Amino acid sequence: MPESYIQNLLAERIGGKHYGKSQAIYKFEKIKRARRAAMALHPLDELIDLGVGEPDEMAFPEVVSKLCEEAQKTENRGYADNGDSALKEAAARYLDRVCGVPGINPETEVLHSIGSKAALSILPAALVNPGDYVLMTTPGYPVFGTHAKYYGGTVYNLPLEAENQFLPNLHSIPAQVLQKSKVLVINYPNNPTGASATPEFFAEVVAFAKANNIVVIHDAAYAALVFEGKPLSFLATPGAKDVGLELHSASKSFNMTGWRCGFVAGNELLVKAYGDIKDNSDSGQFLAIQHAAAYAFDHPEITEKIAGKYSGRMNTLVGVLNKAGFKAKKPKGSFFLYVEAPRAVARKSGPRVEFKTAEDVSQWLITEKLISTVPWDDAGHYLRFSVTFVAKNLSEESRILAEIDKRLSDDRFQF
Ligand SMILES: Cc1ncc(COP(=O)(O)O)c(C=O)c1O
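Each chain has its residues counted from 1, running along the sequence as written. Totals for whole chains, interfaces and linings use all residues, but because this is a predicted model, local features are given only for residues with pLDDT of at least 70 and pairs of side-chain atoms are given and counted only at 80 or more. Note: side-chain values were computed over all heavy atoms of the structure, leaving out hydrogens and water.

## Quick word on the side chain of serine 116
Part 1 of the reasoning: The residue serine 116 is located in helix α4 (residues 116-127) in this model.
Part 2 of the reasoning: If we skip the residues at most four places from it in the chain, serine 116 touches Asp219, Leu247, His248 and Ser249. In this description a helix means any DSSP run of H or I spanning at least four residues, a strand means any run of E spanning at least two, and both kinds are numbered starting from the N terminus. Whether two residues touch is decided by their heavy atoms; if any such pair falls within 4.5 Å, the residues are in contact.

The structure is reproduced here in structure tokens:
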């Protein structure tokens, strides 16, 4: 078939005339293919999916009821634009009660998002000019950086390493990069490392931002999923509102990934700029969804229950992995267990197998054990185990964790 003229019209930012022609297979596609192949070979066996990055359960029934109720109101039917006051006010209450951030003005310092992913894709339009640098962490959630590059920006990656508790080393940035840097994007509790920030680190970030005229975007998608103590908000740091924004989401904290709702809060000028770009990008989330999300943010005990479930699963999974030779350590929050990838596995029932990358290990776990994980080879070699596997009740949950134990019991991983 002759090539369509459309091929030559595609923008350079997505590859221009080469778009769609690359033979490269990306990580998540490789995982999908390996899973498909393993299931085709063992159609009767159970694939245990520890690779999922979203909650395994539905939103709580009271939140679903609130949505049904709100969906029937005539006044909620139309374009929501930048939203009414319900979610903004609930967000301000939530930041105060749950995150220890009093005094957020719901009218000027909060705006809803159609999920944090959407907010991260909108914000670069408000901040990035061609030639600007954006400081991101690697491994990490790349959406802000992808859009920053669309606007002619450059991403400078700060590695997250165990030696620095998976916090970026802000002193490592070369002066010529720092000079051109405009934004620092951070995310704690972190995907994929599961690491949490500290008040001292956040204070360092505020000082760094002020000293270098940098905007801070704290992606707090997992902020409320903590296993002990209270969530740690960047906005609770003195001076944080002078330098940045925090992004909260109902997705993980309230099992509402598909609902697409969250909020952006913090610096008034940045909230306004976000609102202006957002207003030119979408027409707002359905008000019934915003109102149900507002209900959820007013019921943080829902998140506590969800976090309690993940915490219990995490305890058992850490034990199971350590028995097999891993060096797993329970994180303080999120649903991710990030463990160093082994260099080899010694097997009772076969020859020793060596691995060069975390991707090799992940492929081996799918093929040989029908256990799916996500590999990260960006800063060291790590596997991400997510405790969001589907289990209807506690006994099902115990059965799955015992099954993982059984599948790994003949092997000794080496590091
Ligand atoms: C770090 C991080 N930020 C943002 C998101 C997206 O969240 P939302 O569902 O609110 O768009 C995710 C989802 O996986 C994430 O891991």
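And the narrative resumes.
## Some remarks on a nonpolar patch on the surface
Part 1 of the reasoning: Only residues whose relative accessible area exceeds 30% and that form no salt bridge are eligible for patches; like-charged ones are grouped when within 9 Å, while nonpolar side chains (Val, Leu, Ile, Met, Phe, Trp, Tyr) are grouped when within 5 Å. The accessible surface values rely on the Shrake-Rupley method and a 1.4 Å probe; as for residues, cover is taken only from the protein chains in view. A carboxyl oxygen of Asp or Glu within 4 Å of a side-chain nitrogen of Lys or Arg is what we treat as a salt bridge. A contiguous nonpolar surface patch, about 360 Å² in accessible area, is contributed by Ile14, Tyr19, Tyr150 and Tyr151.
Part 2 of the reasoning: Exposure classes here rest on a 1.4 Å probe applied to the protein chains alone. A residue is buried below 20% of its type maximum, exposed above 50%, and partly exposed in between. Residue classification places isoleucine 14 among the partly exposed residues on the basis of a relative accessible area of 37%.

## What to know about the site of the ligand
Part 1 of the reasoning: Taken together, 13 residues lie around the ligand, and Asp219, Ser249, Ser251, Lys252 and Arg260 are the ones closest in.
Part 2 of the reasoning: What qualifies as a polar contact is a pair of N or O atoms within 3.5 Å, subject to a donor-acceptor requirement within protein and to the restriction that residues adjacent in sequence count only when both atoms come from side chains. At 2.6 Å, a side-chain N or O of lysine 252 approaches an oxygen atom of the ligand.
Part 3 of the reasoning: Expressed as a share of its isolated accessible area of 400 Å², the protein-covered part of the ligand is 92%.
Part 4 of the reasoning: Three classes are used: nonpolar for Ala, Val, Leu, Ile, Met, Phe, Trp, Tyr, Cys and Pro, charged for Asp, Glu, Lys and Arg, and polar for all others, with Gly counted as polar. Looking at the shell around the ligand residue by residue, the classes come out as three nonpolar, six polar and four charged. Whether a residue is near a molecule or strand depends on its heavy atoms: it is near if one of them lies within 4 Å of it.

## Describing the state of the cysteines
Part 1 of the reasoning: Only a pair of cysteine sulfur atoms within 2.5 Å qualifies as a disulfide here. This model, assessed by the stated rule, comprises zero disulfides.
Part 2 of the reasoning: Take cysteine 68: it sits in no disulfide, and the sulfur closest to it among the cysteines is that of cysteine 261, at 16 Å.
Part 3 of the reasoning: No disulfide involves cysteine 261; its nearest neighbouring cysteine sulfur is the one of cysteine 99, lying 16 Å away.
Part 4 of the reasoning: Judged by its relative accessible area of 0%, cysteine 261 falls in the buried class.

## Remarks on the packing of helix α3 (residues 85-97) against helix α11 (residues 287-297)
Part 1 of the reasoning: At their nearest, the axes of α3 and α11 sit 8 Å apart, and the two run at 15 degrees to each other. Classified by the interaxial angle, the pair formed by α3 and α11 is roughly parallel. Between α3 and α11 the crossing geometry is left-handed. Contacts between α3 and α11 pair Ala86, Leu87, Ala90 and Tyr94 from the former with Gln290, His291, Ala293, Ala294 and Phe297 from the latter.
Part 2 of the reasoning: Split by residue class, the contact of α3 with α11 holds seven nonpolar, two polar and no charged. An axis is simply a line fitted to the C-alpha atoms; with a helix, the fit covers only the stretch in contact. Between two such axes, the angle follows the N-to-C directions and lies from 0 to 180 degrees. By the definition adopted for this analysis, an angle is roughly parallel if under 35 degrees, roughly antiparallel if over 145, roughly perpendicular if from 65 to 115, and oblique otherwise. Left-handed describes a crossing whose near helix is turned anticlockwise from the far helix through less than a right angle; right-handed describes the clockwise counterpart.

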